[in-house]
Each structure stands twice: as structure tokens, then as C-alpha cells.
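These are the residues of each chain, in order.
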Amino acid sequence: TAAGTIAPAKVLVIGAGVAGLQAIATAKRLGAVVFAFDVRKEVKEQVESLGGKFVEVESDEEGSSAGGYAKEMSSAYKKRQSQRMAEEIAKSDIVITTALIPGKPAPKLITEAMVKSMKPGSVIVDLATVRGGNCDLSQPDKIVTKHDVDIIGHSNFPSRIARDAAQLYARNILNFLKYVVKEGKLALDFEDEIIKGICLTHGGKIVHEKFKSTSAKKPAKTASKKAPPKKKITKAKAKPKKGSK
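A.B. asks: How would you sum up the pairing of strand β7 (residues 149-152)? Please name residues and give values.
C.D. replies: Looking at chain direction, strand β5 (residues 123-126) and β7 are connected through three bridges and run parallel. Within the sheet, the bridge partner assigned to I124 lies in β7 and is I151. In the sheet, strand β6 (residues 143-146) pairs with β7 via four bridges, with the strands oriented antiparallel. In the strand pairing of β7, V144 is matched with I151.

A.B. asks: I'd like a rundown of the nonpolar core, residues and numbers included.
C.D. replies: The biggest cluster of nonpolar side chains holds 24 residues, and the ones touching the most others in it are I14, I110 and I124. Only β1 (10-14), β2 (33-37), α3 (75-91), α4 (112-117) and β7 provide two or more residues apiece to this core. A total of three residues in this core trace back to one element, the largest contributor, which is α3. Not counting residues within four places of it along the chain, the set of residues in contact with I14 comprises F37, M85, V95, I96, T97, T98, A99, L109 and I110.

A.B. asks: An account of the environment of H147 is needed here, citing residue identities and associated values.
C.D. replies: Inspection of the secondary structure puts H147 in the loop between β6 and β7. Remark: the alpha-carbon pair of H147 and E112, spanning 35 residues in sequence, is separated by 8.9 Å. The contact partners of H147, leaving out residues within four places of it in the chain, are E112, V115, K116 and L137. A distance of 2.9 Å separates polar atoms of two side chains, one belonging to H147 and the other to E112.

Criteria and thresholds
Residues numbered from 1 in each chain as written. Predicted model: local features only at pLDDT ≥ 70, side-chain atom pairs only at ≥ 80, totals over all residues. Heavy atoms only, no water. Pairing = 2+ DSSP bridges. Helix = DSSP H or I, 4+ residues; strand = E, 2+ residues; numbered from the N terminus. Core = buried A, V, L, I, M, F, W, Y, C linked by side-chain atoms within 4.5 Å. Buried < 20%, exposed > 50% of the residue type's maximum accessible area, 1.4 Å probe, protein only. Contact = heavy atoms within 4.5 Å. Polar contact = N/O pair within 3.5 Å; in protein donor to acceptor, adjacent residues only side chain to side chain.

Remember that the coordinates give geometry; whether it matters functionally is a separate question.
Laid out in C-alpha cells, this is it:
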């Protein structure tokens, strides 16, 4: 007979991008109470639609950059964020971190002090170790135990679920091709945000803004010095051995 109830696990997902939203949905299906944090306020609705509770940091700063990616926040925001994260991490059984900033190292969001505050047997899954990790104690491609907390730091999670990852990637490529190919012909609308973001060159010119600025900074090539002419190597004739004709 049932002698009581078991409290559900509390899961905190840091970063509500593609990976974070999938983590929220999976944890919720498994019966966990899920909380999620992201600097982009517009993802609150997506988190709540999956059954998660959005953790907010009071601020007037905008956390989205061009293309909808997260951007680096001010030091004042980071301080408030750290205090808020410390409160939530101490109450969590599982923390899944997915926070990445395009072109920059992963932000350090979980300090050693925060790890110490977690209950023994808790787990941190750091999905950002490929860029240095979101946790100070993460080690790339290793599972380590610090302060009785298991920290998982695999840097290439997709390779551990190769079949599913390949299916997801193939679906992305198929949808992308359907987007740029209309009626069997390439249709590039350069007013479209996606097309502008992925096209590097067109008509013999660099059209991507970031690559334009990079190519302009390259130093002009200097004339290469001619290599000195190679000396002719003549083989010395072997002296005949005594007794040979």
C-alpha cells in the first residue's frame, strides 16, 4: 500500500533556446516541476506553453540580439542574475545549462558556491562545455563529482544520440531547402532576415555584413621574394675497385 507521496524533482533549465525548450518539454513529461531562465524576455511565453515556470530578473535591458540570439548583458544585470540563479539552484535537483552567446565563450553562470548549495546527489548537465561551459567546475568530456554533485560535461551530445540527431538535422536541412528553392529554382529574397543571415557571397561580391568588415581589415599581400635558383647536384663517379676491369 502507498505509505505517502514522493515529491517530484525540481529541474532548472538555463537558456530557453532549441535545446533548452526540448529539455523543458522532456523534464515536464517525466513529471518534474520545471523552472527556466533566459535573458530574452520574449521566450517566457514559449516556456510557459510547455508547462515550465519562467524565472525573471528585474531589468529594463533587452537580452535579444539580431536574429533572436541571446546577447551579453551588462555587469549590473549579471550581478542581479547571479543572485537570482543562486536562489533557484539551491532548490533544484537537476540543473541543465544551455546558455551560449554567438562568437563568444559560454557565460559562467554557476559558481562553485552555487554547486556547494545544492543537495547531495543533485546533477548538473552542462551543454555548453564546447565553449568553456556554464559551470565553473565543468570539465569537457568528463563526468565529475564536486561537493556531492555530479557534473556532466560531454562536449558533443549529438554524437551520443547519432540516429536521432541525424534525423533532426536532416529535417532542418529539408525545411531550409524548401525555404530557398521555389518550384525547382533558387529563390533568394535579400530582404528576408534568414537569407541575409546565411548568404556570404553573391554575384562575385561579399554580401554578408560581418564578412564585409572582416575582408576590409585584411592587410594587402606583399610581393613574395623569388626563391634562389637550385644548385645542380652532380654525382661523383665511383672509383673502380682493385682487380675489376
